[in-house]
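Structural features, examined
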Amino acid sequence: MPAWLSADLAIQASYFVTAALFIIGLKRMSSPVSARSGILWAGAGMAVATLVTFLYPGMSNYGLILPAMFVGAGLAWWSGKRVAMTDMPQMIALYNGMGGGAAAAIAAVELYRGGTQGYATSTLAVAGGIIGAVSFSGSAIAFGKLQGLITRSIRFSGQQILNLVVLAAALVLGALVASQTNASPAVVTGFFVLALILGLTMTLPIGGADMPVVISLYNALTGLAVAFEGFVLNNAAMIIAGTVVGSAGTLLTQLMAKAMNRSLGNVLFSGFGDTGAAATGEVTGSLKPIEAADVGVMMAFAQKVIIVPGYGMAVAQAQHKIWELAQLLIDRGVNVRFAIHPVAGRMPGHMNVLLAEAGVPYDLISDLDEINAEFETADVALIIGANDVVNPVARTDKSSPIYGMPILNADKAKNVIVIKRGKGAGFSGIENALFYLDNTRMLYGDAQKAGAELIQAIKAV
Amino acid sequence: MTGIVALYIFMLAAFTGYEVIARVPVILHTPLMSGSNFVHGIVLVGAMVALGGAQTPLEKTIGFIGVLLAAGNAMGGYVVTERMLEMFKSSGARAGAAKRAH
C-alpha cells in the first residue's frame, strides 16, 4: 500500500461518497418517476460504508461483529420480504426502533467504557442515548398497537405528571453521567432504564389513529440520535446521514400533523377520542341502504366516478378487487379517478402504496388539492371504508373535534355510495354526516365482498 | 474534526434534509419515511466501531445487541423501501410493459 493511501484516508473518502449517495438517493426518492432508483443509490452508499468500516484501525471482536450483522440483517430481510403491504407501517416502526436502540447501545458502550472525552462529547453521548432509547421503546409500542398486540390505549389521570417525573429523573442521571465523564456503571444503567421507561409511558396513551405521526416523529428522533452518536465517534457519515434524516423527518412529521389538522403537541399530550365521544353533534336523516346491482348500473352509465379508499379497503385487502372494478369501468369509457386524503389509512401515502401494489397507475391517483374541485362534476363518489376524511362536519361544525381538518368533498358528488362493514363511527368516534345526506346510499359489507359484487353487477349490465 | 466544523456540518446537513423533502407529493410520504428510516441505518458503522472497541463482557454484550439492531434497521429499511418503490410505475410504463409482454 503506498504511503499516501492509509486506511484512514480510504475510510474518510468512502464516508464522503456514502454521504453524497444518501443525499442523491433521498432526492431521487422524492419524485415518483425516479423514486425506484433512489433506494438503489442509498443502498450502494450503505454497502460502501459498511465494508470500509472493517478497515477501522484498532478494531477487534470480529468474531462478534460478523454474527451480529448476519443475524440482524438476516432476520430483517426475512421479515421485510414476508410482510404484507397493509402491514408496512408497523414494520417501519419496528426497523426504526431498532436503529434507535442501536444508537442507545453505542452511547451505552462509550459511557460504560469511559470512552467519551470532554463535556461536549459526553453530553452528546447522553443526549443521543436518551433519544435513541425513547425511540426504541416507543417504536416497540407503536409496532404493538398497529400489529394489534396492544389494543387498549392506557390512560389515567396524572399521566403527564408521571411522564414529566420520569423525564426529569432521566435528565438528572444524564447530567450526572455527562458531567462526571467517568460515571459509575450503576448511574449509567439507571439512566438508560429510565429513558426506556419514558418511551413506554409516552407512547402507551397515544391512540392508533395518531400512530403515523408518532412513527414519523420517532424516525426523526432516531436520525438525531444517530447524528449525536456520530459526533461522539467522530464519524462524519453518521453525522450527515443522521442530521439529514432528523430534519427531513421533522418536516415530514409536521406535514402529517398538518394534514390531520392537529399540532404535534396535541398528538403527544392529549388522547384522541376523549373529546370525540362528547361532541357527536346532532345528525338528522337516516341511513339508506342500497343493493350492489343498483350501484353497478349507476356506475356503468356514469361519466365520471371518483373512488375514495380508506382504511376499510386496507383491512379487507380489497385493493386488487377495486382496481379490477375500476378497469371494467374504464373499458366502458367511464372517467375513473382515485382520490386520496393525506391521512387516509394508517400512514400518509398508505393508500397510494396499496393501490400501486394492485397496479393502479399513479397518474390516475389524485390528492386532495387536485381532486376536490372535481367532485361537483362527478356522477358517483364511491367511498370504500373511509370515514373521517370525508365527513363534512369538518367544514361546518365548529364544535366537532375534526373541525377545520381538510376533507375530500365527496358530499358534492351527484351520488355518494359508501361501502362500509357496519354502522359504527370512524377512528375519531364521530358520527359522519355524509352518510345521512339525501344523495348518499350505504352498501353494507366488507370491501372485498362488496367489490366482487360490484364487478358481477357491472359485468351483468 | 473540530467542534466548530462538526457544527457547520450539522447545520448544512439539516438544511439539506429540509430541502430534499420540502416539495414531496403526499403519494411518496410513506416510501420516503421508509427510505429515511433506511438511511439512518448508517448507525451500523457506529455500532461496529463501538463493538470493535468493546473490552468488558458488559460492553461486548451491549455492543453485540447494537450491531444486531443496527443491521436489522439497515436491512429491513432497505427491503421494505425497495418493495414499496417497486410498485411506482406510470400508466405509460405499464402500457409499455404490457405490450412487451404480449
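Remember, it's a predicted structure, so these values are computed and weren't measured experimentally.

The subject of this paragraph is the confidence of the model for chain A. Residues and elements named next belong to chain A. The predicted model of chain A averages 86 in pLDDT, with 92% of residues at 70 or higher. Mean pLDDT across the elements of chain A bottoms out in helix α10 (residues 264-269) (76) and peaks in helix α3 (residues 62-82) (95). Between residues 272-280, whose pLDDT stays under 50, and residues either more than four places distant or in other chains, the model counts 17 contacts.

Right, let's talk about the interface of chain A and chain B for a bit. Counting residues at the interface gives 101 residues for chain A, matched by 78 residues for chain B. Both faces combined, the contact of chain A with chain B buries some 8000 Å², and carbon together with sulfur accounts for 79% of it. Contact with chain B buries area across many residues of chain A, yet A:R36, A:I39 and A:M46 alone supply 8% of it, more than any other trio. Linking chain A to chain B there are 0 salt bridges. Summed over the shared surface of chain A and chain B, the result is 16 residue pairs in polar contact (both at pLDDT 80 or more). Of the residues forming the side of chain A that touches chain B, the biggest block, 16 residues, is contributed by helix α4 (residues 88-113) of chain A. Of the residues contributing to the side of chain A that touches chain B, the split by class is 66 nonpolar, 26 polar and 9 charged.

With that out of the way, let us pick up the nonpolar core. Core analysis: the largest hydrophobic core is formed by 186 residues, its most contacted members being A:M299, A:F338 and B:I42. Examining the composition of this core, we find that 16 residues originate from one element, α4(A), more than from any other. Among all residues touching A:M299, those that are not within four sequence positions of it are A:V305, A:L325, A:L329, A:V334, A:V380, A:L382, A:L454 and A:I458.

Going through the model one piece at a time under the given rule, you end up with 4 aromatic pairs over all chains. Between A:F54 and A:Y62, the aromatic rings sit 6.1 Å apart at their centres with planes inclined by 25°, giving stacked as the arrangement. Taking relative accessible area as the criterion, A:Y62 reaches 33% and is therefore assigned partly exposed. Relative to B:Y78, the ring of B:F38 has its centre 5.5 Å away and its plane inclined at 65°; by these criteria the two rings are edge-to-face. Of the two residues, B:F38 is situated in helix α2 (residues 29-39) and B:Y78 in helix α4 (residues 57-85); the sequence distance between them amounts to 40 residues. Above the face of the A:W78 ring, A:R82 is positioned so that its terminal group lies 4.6 Å from the ring centre.

This brings us to the pairing of strand β5 (residues 415-420) of chain A. All names here are of chain A. The buried fraction of β5 amounts to 5 of the 6 residues, a majority that puts the element mostly inside the structure. For strand β4 (residues 380-384) and β5, the ladder comprises 5 bridges, and the chain directions are parallel. The partner of V380 across the bridge, within β5, is N415. The pairing of β5 with strand β6 (residues 440-444) spans 5 bridges and is classified as parallel. Looking at β6, one finds that K420 is bridged to Y444.

Each value, and the rule that gives it
- Residues numbered from 1 in each chain as written.
- Chains lettered and ligands numbered in written order.
- Predicted model: local features only at pLDDT ≥ 70, side-chain atom pairs only at ≥ 80, totals over all residues.
- Heavy atoms only, no water.
- pLDDT = per-residue confidence, 0-100.
- Helix = DSSP H or I, 4+ residues; strand = E, 2+ residues; numbered from the N terminus.
- Contact = heavy atoms within 4.5 Å.
- Buried area = accessible area lost by both parts, 1.4 Å probe.
- Salt bridge = Lys/Arg side-chain N within 4 Å of Asp/Glu carboxyl O.
- Polar contact = N/O pair within 3.5 Å; in protein donor to acceptor, adjacent residues only side chain to side chain.
- Nonpolar A, V, L, I, M, F, W, Y, C, P; charged D, E, K, R; others polar.
- Core = buried A, V, L, I, M, F, W, Y, C linked by side-chain atoms within 4.5 Å.
- Buried < 20%, exposed > 50% of the residue type's maximum accessible area, 1.4 Å probe, protein only.
- Phe/Tyr/Trp six-rings, centres within 6.5 Å; stacked < 30°, edge-to-face > 60°.
- Lys NZ or Arg CZ within 6 Å of the ring centre and 35° of its normal.
- Pairing = 2+ DSSP bridges.

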